[in-house]
Protein chains: 2
Amino acid sequence: MQASQPSHPIGVFDSGVGGLTVVRALMDRLPFENIIYFGDTARVPYGVKSVATIEHFTQQIADFLLKQQVKMLIIACNTMAAVAADKVRAASPVPVLDVIEAGAKHATSVTRSGGIGVIGTPATINSNAYARAIHQLDPSFRVYSQACPLFVPLVEEGWLDHPVTRLTAQEYLKPVFVESIDTLVLGCTHYPLIKPLLLDVVGNRMQLVDSALSIADQTAELLKKQGLSNPAHSVPDYRYYVTDLPVRFQAVGERFLGRSLNHLERVSL
Amino acid sequence: MQASQPSHPIGVFDSGVGGLTVVRALMDRLPFENIIYFGDTARVPYGVKSVATIEHFTQQIADFLLKQQVKMLIIACNTMAAVAADKVRAASPVPVLDVIEAGAKHATSVTRSGGIGVIGTPATINSNAYARAIHQLDPSFRVYSQACPLFVPLVEEGWLDHPVTRLTAQEYLKPVFVESIDTLVLGCTHYPLIKPLLLDVVGNRMQLVDSALSIADQTAELLKKQGLSNPAHSVPDYRYYVTDLPVRFQAVGERFLGRSLNHLERVSL
C-alpha cells in the first residue's frame, strides 16, 4: 500500500446515505479535491447493530477505499466513528478523520458555559464516544447526551418541516432544555437536513454544531499541514460506491448532496 | 432433505424481531407445536433494500431452517413475502405459508363492501403483492395501499401510545379514509403492537385484519389437513436464531412475544 499522494482522492464512508452531508460540506470547502464515497446500503443502518458486527463491517469498507488509493479516510458515520474509529486508525497507512472527533473539537471551541449537549442514534449515544472525545480535550466540560432514534427515519421520509418531526424534536429535547447547555452537537449526519426545524425548536437556548461543517474545516487544515492539497485546479472527480442497488440511494442522496449524483456504482465487499 | 414429520418444528422467519408477533399468535393457537424462529438482525431492515438483495438473503434463511428439519416454513416478514415467496416455495420440499397470502385471504373473507386497504413498509407496498394476492382470490375487490415507513421505528422506540404515533397514523391514514374501505390489513408484523392506537384512529370506519392471527389460523388448518400436527402434548421447544448479537433482540423481542425469550443463539449465514 503506497503512501498518500496530493493528487489522490479523499475517501469518505458511511453506513448509508447520511455521509453525503459531509461530502457536500467538503465540496463547498475544498472544491478541487477528488472524492470517493462509500455507502453500505445493503447493510444500513448500523445504529442498532452490535459492536463486533459494526467493527467488522467498518474495516471491510476502509480496506476497500485504501485499495482505491485514497490519500485520507473520513469516517462520516457517527456510529462507525463511535465504535470502530480506533481500529481503523490503527490499521490505516493514511490519515483518518472522523465526525465525532471533529464535532467534539468544534463544540469545545465554541461553548461558553462548558455545558455541551449531544444528540445522535442509540448506538452513538450508548457508546459515550462524544463525552470521551470532549473530556479528552477538557475534563471540566459537562456533557449531556440524548438518543433520538426517530430522527433518521423522519429525515428519510422527507418530513423535514412536518408537525410530527417538530413534536418528536420537542419530546426528545425536553430533557436537554432543563440542563445548563449552550451548545448542541448534531451527532448524526442525517440531522443537518432538519437543522432549520431544530434551530426553531431550540430557539435562543443554544447554538448548534454541525459535524459535517466541522470535519470539512479539519480536512482543509490537515491537507494543508501535511502538504496533501490537490495541486490540480480542474473539475474534480466524484465517485460513489454502494452495496445495494443504487436507485433509492440516488433519489435520497441527491436531497442530502443538494446536487445531482453521477458515477454511482454497486460493489460487493 | 427428508419430508415433513409431525414431530418436527415449524420454521418461522423474519428480517428481524417483527415476526415474533406471528410466533406469539402460533403459541396461542397451537400450544403443542415446536417452533424455530430466525431473525436476520445483522441485516435488518429489508424494507428499503432491492429485490435482488432481498431474494438472496431470504433464500439463505430458508436453507438454514430446512437444514434444521422444519416441517413447514412461515415467511413472517411482509417484505420477504412480497418479494421472494414464489422463489422460496419453488425451492422448498416442505409447505410454505406467508403473511401476505394469509392476510389477503382473511381480508377477502371479511370485507362487505369489497374495499380493502393495506398498510405496510415501502417495499411491501411498492411490490403491490397484497393487491395481487387479493385479486387472485377475487378480481372485483378494490385495493388501496398506503406505505407507512415511520410505524416500524415508532414501534421499536416503544411509542405505542404516544401523541407522535397518533399524529403519524392520522397523517398516513388521511388518504385511506377518503376511499370507500371497510377493511384495513396490517401488512407489517410490527403493526399489531399499535393495534389499540390504530383501532382508536380508524374508529368505526373500518375493521382491522391482523396477519399474525390470520396465519396462525391457516397454519392450524394446514397441519390438520396434511396430518402434520404434533402428536406430543408436552411442553414444546422454542428456539430463536439471530445473526447479530442477541442483546437488543431479547429486550425488544420480549415486548413482541409478550413473554420471556430463552434458547436464543447467534449464527452466521
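- The name given to chain A in an unreviewed UniProt entry is Glutamate racemase, with the source organism recorded as Formivibrio citricus.
- Looking at the Pathway (unreviewed entry) heading of the UniProt record, one finds this comment for chain A: "Cell wall biogenesis; peptidoglycan biosynthesis."
- According to the UniProt record, the Sequence similarities (unreviewed entry) comment for chain A reads "Belongs to the aspartate/glutamate racemases family."

**Some points on the layout of surface pockets**
Rolled over the atoms, a probe as big as a water molecule pinpoints where empty space is left.
Right, so step 1: Roughly 610 Å³ of internal volume is contained in the second largest pocket.
Right, so step 2: Residue lining of the second largest pocket: 25 residues in total, with Arg43, Phe57 and Gln60 of chain A together with Arg43 and Phe57 of chain B positioned closest to the centre.
Right, so step 3: Mapped by element, the contributors of at least two residues to the lining of the second largest pocket are α2 (51-67) of chain A together with α2 (51-67) of chain B.
Right, so step 4: The dominant element in the lining of the second largest pocket, judged by the number of residues it contributes, is α2 of chain B, at five residues.

**Here we look at the environment of threonine 121 of chain A**
Residues and elements named next belong to chain A.
Right, so step 1: In this structure, threonine 121 sits in the loop between β5 (115-120) and α5 (122-127).
Right, so step 2: In this view, threonine 121 contacts Gly47, Thr79, Ala147, Val152, Cys188 and Tyr191; residues no more than four positions away in its chain are not counted.
Right, so step 3: Here the side chain of threonine 121 touches threonine 124 through a polar contact of 3.0 Å, side chain to side chain.

**Some details on the interface of chain B and chain A**
Right, so step 1: Residue-level contacts link 27 residues of chain B with 27 residues of chain A.
Right, so step 2: For the pair chain B and chain A, the two sides together bury roughly 2200 Å², of which 65% comes from carbon and sulfur.
Right, so step 3: The interface formed by chain B and chain A holds zero salt bridges in total.
Right, so step 4: Summed over the shared surface of chain B and chain A, the result is 14 residue pairs in polar contact (both at pLDDT 80 or more).

**Description of the sheet that holds strand β6 (residues 142-147) of chain B**
Sheets are built from strands paired through backbone hydrogen bonds, the pairs being either parallel or antiparallel.
All names here are of chain B.
Right, so step 1: The strand order across the open sheet formed by four strands is β6-β5-β7-β8, and the pairing between neighbours is parallel. The two strands at the open ends of the sheet, each matched to only one other strand, are β6 and β8 (207-210). Across the sheet, the mean angle from the axis of one strand to that of its neighbour is 25°, orientation sign disregarded.
Right, so step 2: Packed on one face of the sheet, helix α9 (residues 195-202) meets β5 (115-120), β7 (183-186) and β8 and runs near 155° to β8.

**What about the relation of the copies chain B and chain A?**
Right, so step 1: When chain B is fitted to chain A, the residual RMSD is 0.0 Å, and the transformation amounts to a turn of 180° plus an axial shift of 0.0 Å. In symmetry terms, the pair is related by a two-fold rotation axis. Relative to the rotation axis, the closest C-alpha in chain B is found at arginine 43 of chain B, a distance of 2.6 Å.
Right, so step 2: Mapped onto chain A, 100% of the interface residues of chain B again fall at the interface, so both copies present the same surface.

**Details of the UniProt feature "binding site: substrate" (unreviewed entry) in chain A**
All names here are of chain A.
Right, so step 1: Annotation from UniProt places "binding site: substrate" (unreviewed entry) at Asp14, Ser15, Tyr46, Gly47, Asn78, Thr79, Thr189 and His190. These annotated residues cover 177 residues of sequence, and their C-alpha atoms all fall within 13.3 Å of one another, placing them together at a single site.
Right, so step 2: By the element assignment, threonine 79 lies in helix α3 (residues 78-91).
Right, so step 3: Excluding its chain neighbours within four sequence positions, the residues that come into contact with threonine 79 are Tyr46, Gly47, Ile54, Thr121, Ala123 and Thr124.
Right, so step 4: If you trace the backbone, histidine 190 turns up in the loop between β7 (183-186) and α9 (195-202).
Right, so step 5: Under the relative-accessibility criterion, histidine 190 is labelled buried at 8%.

**Considerations on the domain arrangement of chain A**
Residue and element names in this part refer to chain A.
Right, so step 1: Domain boundaries in chain A define domain 1 (10-99 + 213-266) and domain 2 (101-211).
Right, so step 2: The straight-line distance from the C-alpha centre of domain 1 to that of domain 2 is 22 Å.
Right, so step 3: Listed by partner, the interface residues are 22 residues for domain 1 and 27 residues for domain 2.
Right, so step 4: Between domain 1 and domain 2, roughly 1900 Å² of surface is buried when both sides are summed, and carbon and sulfur atoms account for 51% of that area.
Right, so step 5: For the domain 1 face of the interface with domain 2, the top three residues by lost area are Asn78, Ser214 and Arg255, together amounting to 27%.
Right, so step 6: Counting across the interface, domain 1 meets domain 2 through two salt bridges.
Right, so step 7: The partner of arginine 248 in a salt bridge is glutamate 156, with the nearest N and O atoms 3.2 Å apart.
Right, so step 8: Taken together, domain 1 and domain 2 are joined by 20 residue pairs in polar contact (both at pLDDT 80 or more).
Right, so step 9: Elements that contribute at least two residues to the side of domain 1 that touches domain 2 include exactly α1 (20-29), α3, β4 (96-98), α10 (211-225) and α11 (247-257).
Right, so step 10: For the side of domain 1 that touches domain 2, the class distribution of residues is nine nonpolar, eight polar and five charged.

**Re unusual backbone geometry**
All names here are of chain A.
Right, so step 1: Proline 45 follows valine 44 through a cis peptide bond whose omega is -5°.
Right, so step 2: Within the secondary structure, proline 45 sits in the loop between β2 (35-39) and α2.
Right, so step 3: Even without a glycine there, the phi angle at glutamine 69 is positive, about 60°.
Right, so step 4: Along the chain, glutamine 69 turns up in the loop between α2 and β3 (72-75).

What counts as what
- Residues numbered from 1 in each chain as written.
- Chains lettered and ligands numbered in written order.
- Predicted model: local features only at pLDDT ≥ 70, side-chain atom pairs only at ≥ 80, totals over all residues.
- Heavy atoms only, no water.
- UniProt positions renumbered as here; feature names shortened; annotations may be inferred.
- 1 Å grid on protein atoms, 1.4 Å probe; cavity = no way out; pocket = protein on both sides within 12 Å on 5 of 7 lines; lining within 4 Å.
- Points joined across faces, edges and corners; volume = space filled by probe spheres on them.
- Helix = DSSP H or I, 4+ residues; strand = E, 2+ residues; numbered from the N terminus.
- Contact = heavy atoms within 4.5 Å.
- Polar contact = N/O pair within 3.5 Å; in protein donor to acceptor, adjacent residues only side chain to side chain.
- Buried area = accessible area lost by both parts, 1.4 Å probe.
- Salt bridge = Lys/Arg side-chain N within 4 Å of Asp/Glu carboxyl O.
- Pairing = 2+ DSSP bridges.
- Axes fitted to C-alpha atoms, helices over the stretch in contact; angles between N-to-C directions.
- Least-squares fit on C-alpha atoms with pLDDT ≥ 70 in both.
- Buried < 20%, exposed > 50% of the residue type's maximum accessible area, 1.4 Å probe, protein only.
- Domains from an automatic or database assignment.
- Nonpolar A, V, L, I, M, F, W, Y, C, P; charged D, E, K, R; others polar.

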